[in-house]
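Structural overview for review
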Amino acid sequence: MIRGLYTAGAGMLMNNQRMQNIDDNIENQRTPGFLEVGEHVVSFPEHLARRIDHPYGMPSTHNLGVLGTGVYITDFAYKMSPGLLRETGNARDLAINGNGFFVLNTPNGQTFTRNGHFMRDPGGFLRSVGGNPVLGVDNLPIGPVPEDFAVTADGRVVDSSSGAVLGQLRVVALQMDTLERVGQTTMYTSRAPAVDLTEGDRPRIQQGFVEESNVDIAGQMVKMIETNRAFSMNQRMVQMSDQVLQRTVNEVGRIV
């Protein structure tokens, strides 16, 4: 009975975390470059239950089957599919048409993002909305760039007036199962090394576009209903276990 109480409690904790992720996904459905987050759920170690008998004074055991002990979340998983590209007409908005991430330089090291809603600082350098410099293939900040600049499909930043190449955006490939989000931002770190994409593998960069989040709202609503039902079921199991334990303590003890 106590084991059942803890198993149901573990299910409630897991479903509560899933609901928080669903809320986060829905809230960020309009956030450029946001990646839908899910969970890796595994079960606690299972146990083989046995019954011990003593016929004629000789002990023997009978297998009753496998006994589960609940589930928990090991880590979070991010959806791989890209979001839709939305045209903005803003030259500082850049979108990756394909797989890959822009590279930003932050006080805590390099981070990665698909949010290409950039700005130009007073010194002419490209920065993210959080103020982090956008890095080029030489690992140096892109800039200074003039007000009138263009970005080619392969990521080269060009002065529209003179035609001079001012740099090339660094785009890297990451293993999606190694990503970790930085706080509540659209920036990510990776537990595995980033791989610089070569000319043949580089995705197309589209200027004047931003990538919408890849959140599937319909899928999240279905998941919300399933999670709510699972949470309620585990909650009822906790209540039932508590009632049985209460009767066991109060009534069985009184009869004895």
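Here we summarise the structure given alongside this text. (Residues numbered from 1 in each chain as written. Predicted model: local features only at pLDDT ≥ 70, side-chain atom pairs only at ≥ 80, totals over all residues. Heavy atoms only, no water.)

**Quick word on the overall build of the protein chain**
Along the protein chain, the regular secondary structure elements total 2 helices and 19 strands. Classification of the 256 residues of the protein chain by burial places 36% in the buried group. (Helix = DSSP H or I, 4+ residues; strand = E, 2+ residues; numbered from the N terminus. Buried < 20%, exposed > 50% of the residue type's maximum accessible area, 1.4 Å probe, protein only.)

**Structural notes on unusual backbone geometry**
Look at the link from Gly-143 to Pro-144: it is a cis peptide, with omega at 0°. The residue Pro-144 is located in the loop between strand S10 (126-127) and strand S11 (149-151) in this model. Not every positive phi belongs to a glycine, and Asn-139 is a case in point at roughly 65°. You can see Asn-139 is positioned in the loop between S10 and S11.

**Brief notes about the pairing of strand S13 (residues 165-168)**
Relative to S13, strand S12 (residues 156-159) runs antiparallel, the two sharing 3 bridges. Counterpart to Val-157 in the pairing with S13 is Gly-167. Between S12 and S13, which pair antiparallel in sequence order, lie 5 residues; one of them, Gly-163, sits at a positive phi of approximately 80°. (Pairing = 2+ DSSP bridges.)

**Considerations on the pattern of salt bridges**
Pairing of side chains with opposite charge becomes possible as their charged atoms draw close. This model, assessed by the stated rule, comprises 11 salt bridges. Of the charged contacts in the structure, one is a salt bridge between Asp-121 and Arg-127, with a shortest N-O distance of 2.7 Å. The exposure class assigned to Asp-121 is buried, which follows from its relative accessible area of 12%. Of the residues examined, Arg-127 reaches a relative accessible area of 25% and is grouped as partly exposed. (Salt bridge = Lys/Arg side-chain N within 4 Å of Asp/Glu carboxyl O.)

**Focus on the nonpolar core**
For soluble globular proteins, the rule of thumb is that nonpolar side chains tend to be buried together. Leu-94, Phe-102, Val-151, Val-157, Leu-169 and Ile-205 are the most contacted members of the largest nonpolar core, which totals 17 residues. Breaking this core down by element, the ones donating at least two residues are strand S6 (94-97), strand S7 (101-106) and S11. In this structure Leu-94 touches Phe-102, Gly-116, Phe-118, Val-151, Leu-169, Ile-205, Gln-206, Gln-207 and Phe-209, once residues within four positions along its chain are discounted. (Core = buried A, V, L, I, M, F, W, Y, C linked by side-chain atoms within 4.5 Å. Contact = heavy atoms within 4.5 Å.)

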